Amino acid sequence: MSRFSPLNWPVVRQIRNKDAFGRDVSTQSAKSEDLRGRTVDADRVVQSVCPYCAVGCSQRVYVKDDRVIQIEGDPDSPISRGRLCPKGSASEQLINSSTRITTIKYRAPYATEWQELDEETAMDMIADRFVEARARHWEDVDKQGRRLNRTMGIAGLGGATLDNEENYLIKKLFTATGAIQVENQARI
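Residues numbered from 1 in each chain as written. Predicted model: local features only at pLDDT ≥ 70, side-chain atom pairs only at ≥ 80, totals over all residues. Heavy atoms only, no water.

The name that an unreviewed UniProt entry assigns to the chain is Formate dehydrogenase alpha subunit, with the source organism given as Corynebacterium aurimucosum. Turning to the chain, the UniProt annotation filed under Sequence similarities (unreviewed entry) states: "Belongs to the prokaryotic molybdopterin-containing oxidoreductase family." The UniProt entry for the chain carries this comment under Subcellular location (unreviewed entry): "Cell envelope". (UniProt positions renumbered as here; feature names shortened; annotations may be inferred.)

Structure below.
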């Protein structure tokens, strides 16, 4: 029988083998026998949370040789029940993108080029500027003598890629340092 014979069509094989629901070998092809799932070769599965919005969909991150090979929704999650939106489904591309910047970049005022900084230097720069702005714009009391204990030199804007817990901690940090202009993208 030739490869293109109508007798070799899956529906004909299905009827001939009395496979009413098409779940037997009669509907399988040689190509489908060789197929393997993307997650079969994973060394381990790590639980994570989707980074894109504040919903907090749970993800299963499949890792092989310390590299992410697949990200899927976690069916055990009461929030997403194993489903991910299109952005969440593309999380693996975010991680493994060849254009992803993995170093700290800094562009000095009026400079035209970016330079790379190590983490300690960047954190020190941020901390120094934060403390300086807080001190320079600190207000103890207003014109009527009422106690303020605030700074108008610092403002915080959280993003929807942070979950509620992270935004809560950022709000607490900024409030403790005297900043009153704290907002979150989810409210804007």
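**Q** How should I be thinking about the pattern of salt bridges in this particular structure?
**A** Opposite charge on two side chains allows them to pair when their charged atoms are near. In this structure the tally under the stated criterion is eight salt bridges. Among the ionic pairs, Arg146 bridges to Asp142, the shortest N-O distance being 2.8 Å. (Salt bridge = Lys/Arg side-chain N within 4 Å of Asp/Glu carboxyl O.)

**Q** Just to check I follow, could you spell out the pairing of strand S6 (residues 138-141) for this structure?
**A** Looking along a regular strand, one sees side chains alternate from face to face of the sheet. Across three bridges, S6 lies against strand S7 (residues 147-158) in antiparallel orientation. Looking across to S7, one finds that Glu139 is bridged to Arg150. Adjacent in sequence and paired antiparallel, S6 and S7 are bridged by five residues, among which Gly145 carries a positive phi angle near 85°. (Pairing = 2+ DSSP bridges. Helix = DSSP H or I, 4+ residues; strand = E, 2+ residues; numbered from the N terminus.)

**Q** What am I meant to see in the side chain of Ser77 here?
**A** With respect to the helices and strands, the residue Ser77 is situated in the loop between strand S3 (67-73) and helix H3 (86-89). One polar contact links the side chain of Ser77 to the main-chain amide nitrogen of Ile79, over a distance of 3.2 Å. (Polar contact = N/O pair within 3.5 Å; in protein donor to acceptor, adjacent residues only side chain to side chain.)

**Q** What's the story with a negative patch on the surface in this structure? I'm lost.
**A** A surface patch of like charges, here negative, comprises Asp118, Glu119, Glu120, Asp124 and Asp128. Residue position: Asp124 is located in helix H5 (residues 119-136). (Patch = residues over 30% accessible without salt bridge, like charges linked within 9 Å, V, L, I, M, F, W, Y side chains within 5 Å. Areas by Shrake-Rupley, 256 points an atom, 1.4 Å probe, with all protein chains shown as cover. Lys, Arg positive; Asp, Glu negative; His and termini not counted. Charge placed at Lys NZ, Arg CZ, Asp CG, Glu CD.)

**Q** Which parts of the structure should I look at to understand unusual backbone geometry?
**A** For residues other than glycine, phi is negative in most cases, and the peptide bonds are mostly trans. The phi dihedral of Arg81 falls on the positive side, at around 50°, and the residue is not glycine. With respect to the helices and strands, Arg81 occurs in the loop between S3 and H3. A relative accessible area of 57% places Arg81 in the exposed class. One non-glycine residue with positive phi stands out, namely Tyr110, at about 70°. Judged by its relative accessible area of 84%, Tyr110 falls in the exposed class. (Buried < 20%, exposed > 50% of the residue type's maximum accessible area, 1.4 Å probe, protein only.)

**Q** Explain the sheet that holds S7 here, please?
**A** Note on sheets: strands pair through backbone hydrogen bonds, and any given pair is parallel or antiparallel. One open sheet accounts for three strands, arranged S6-S7-S8; its pairing is mixed. Edge positions in the sheet fall to S6 and strand S8 (179-184), since each of these pairs with one other strand and no more. Here the average twist between neighbouring strands, direction ignored, is 30°. Along the sheet face, helix H6 (residues 164-176) touches S7 and S8 and points at about 165° away from the line of S8. (Axes fitted to C-alpha atoms, helices over the stretch in contact; angles between N-to-C directions. Contact = heavy atoms within 4.5 Å.)

**Q** Whenever I open this one, the sheet that holds S3 confuses me. Can you help?
**A** Read from one edge to the other, the open sheet built from three strands follows the order S1-S2-S3, with strand pairing classed as antiparallel. Looking at which strands have only one partner, the edges of the open sheet turn out to be strand S1 (44-49) and S3. On average, each strand axis in the sheet is inclined to that of its neighbour by 30°, with strand direction left out of account. In terms of strand pairing, S1 meets strand S2 (residues 58-64) through six bridges, oriented antiparallel. Looking at the pairing, Val45 lines up with Tyr62 of S2.

**Q** Which parts of the structure should I look at to understand the packing of aromatic side chains?
**A** Describing an aromatic ring pair means giving the distance of the ring centres and the angle of the ring planes. Within this structure, the stated rule accounts for one aromatic pair. Relative to Phe174, the ring of Phe130 has its centre 5.9 Å away and its plane inclined at 75°; by these criteria the two rings are edge-to-face. Residue Phe130 is found in helix H5, and its partner Phe174 is found in helix H6; the two are separated by 44 residues along the sequence. Judged by its relative accessible area of 13%, Phe174 is buried. Across the ring face of Trp114, the terminal group of Arg107 is positioned such that the distance to the ring centre comes to 5.8 Å. (Phe/Tyr/Trp six-rings, centres within 6.5 Å; stacked < 30°, edge-to-face > 60°. Lys NZ or Arg CZ within 6 Å of the ring centre and 35° of its normal.)

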